[in-house]
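Structural features, examined
Below, each chain spelled out in residue letters.
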Amino acid sequence: IQGNIIQQGPASQNPVIIAFGEEGGVHANSVLNVTGNTILNDLQSPSAAAVWNAAGSPASVSGNSIYGLAANQVIRGAATAPGNAILAAEPALATTSPWASAAIPNVPSSTASVPTAVSVSPASSSITSAPITATTLAINLSEDAYQGDAQFIVTVDGQALGQAQPVVALSALGQTQSIVFSGNFTAGVHDLAVSFINDAWGGTAATDRNLYINSVGADGTQLGGSTGILFSNGDFHIPFTVPATTSV
């Protein structure tokens, strides 16, 4: 279970949001991983819980943002639970599907964020006969800060779009920082990568630095599969297509 928004309403009759193995060990060797979700609980009950693992094998519950539950209500049963964040305020629900071809929704921006525009050369020189099209890429990011802000680099087809820069929008507060890049790219499919370059871990969920990719858009259209979390240094890849419609 990854990358979802899961909400329990105030009139729920079942206080457990996610249950695993409740009917017994139906399928052998089954495991549960719950990561990178936003779990919202509006049920005022001491029995409320995010995850109940009734199976024999430990579940993995990591990197989730959780509202309306205390730390001891995140899991019941055997589980490892690193990097979960308890939210102090319930974030507003975004109703736009990340998989639909829709315009990027207006989202709250960090007050400290300043969009940065970087002009780059064509991403590929191996197909210079193809039309060159101007494209605007908007990347919405947030972070878990620990001993400094998360830093990232954006590349297209392996070519860096500008220098490394920090994220200052805090995921736990529902903030999003928008960074805009403008470039001229050949028509066709390109590989956009967001690279997390300065991971830090102090041994607890409160002392962990992470990078959240909230959405990515190309020319005002949100790209499918553009939501993810980097818990350690690495790359998050999002393909995008440049149509051969407007030549410059």
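Residues numbered from 1 in each chain as written. Predicted model: local features only at pLDDT ≥ 70, side-chain atom pairs only at ≥ 80, totals over all residues. Heavy atoms only, no water.

A few words on the overall build of the protein. A tally of helices and strands in the protein yields zero helices and 22 strands. Looking at the protein as a whole, 40% of its 248 residues are labelled buried. Sequence separation of 24 or more characterises 71% of the internal contacts of the protein that already satisfy a separation of 6 or more. Total accessible area computed for the protein in this model is approximately 12,100 Å², and 53% of it derives from carbon and sulfur atoms. (Helix = DSSP H or I, 4+ residues; strand = E, 2+ residues; numbered from the N terminus. Buried < 20%, exposed > 50% of the residue type's maximum accessible area, 1.4 Å probe, protein only. Contact = heavy atoms within 4.5 Å. Areas by Shrake-Rupley, 256 points an atom, 1.4 Å probe, with all protein chains shown as cover.)

Here we take up the environment of Thr136. Note on placement: Thr136 falls in strand S12 (residues 132-144). Residue Thr136 is classed as partly exposed on the basis of its relative accessible area of 32%. The spatial distance from the C-alpha of Thr136 to the C-alpha of Ala218 is 5.7 Å, given a sequence separation of 82 residues. Residue contacts for Thr136: discarding those within four places in its chain leaves Val180, Phe181, Ser182, Gly217, Ala218 and Asp219.

Of note, Ser195 is situated in strand S17 (residues 188-196). Looking at Ser195, its side chain comes within polar contact range of the side chain of Asp235, at 2.6 Å. Sequence-distant contacts of Ser195, defined by excluding residues within four places in its chain, comprise Gln151, Phe152, Ile153, Gly234 and Asp235. (Polar contact = N/O pair within 3.5 Å; in protein donor to acceptor, adjacent residues only side chain to side chain.)

Across the sheet, which stays open at both edges, the four strands sit in the order S1-S4-S7-S10 with parallel pairing between neighbours. The sheet is open, and its two edges are formed by strand S1 (5-8) and strand S10 (85-87), each paired on a single side. Pairwise comparison of adjacent strand axes, ignoring direction, gives a mean angle of 20° for this sheet. As defined by bridge partners, S1 adjoins strand S4 (residues 38-41) across four bridges and the pair is classed as parallel. Bridging from a neighbouring strand, Ile5 pairs with Thr38 of S4. (Pairing = 2+ DSSP bridges. Axes fitted to C-alpha atoms, helices over the stretch in contact; angles between N-to-C directions.)

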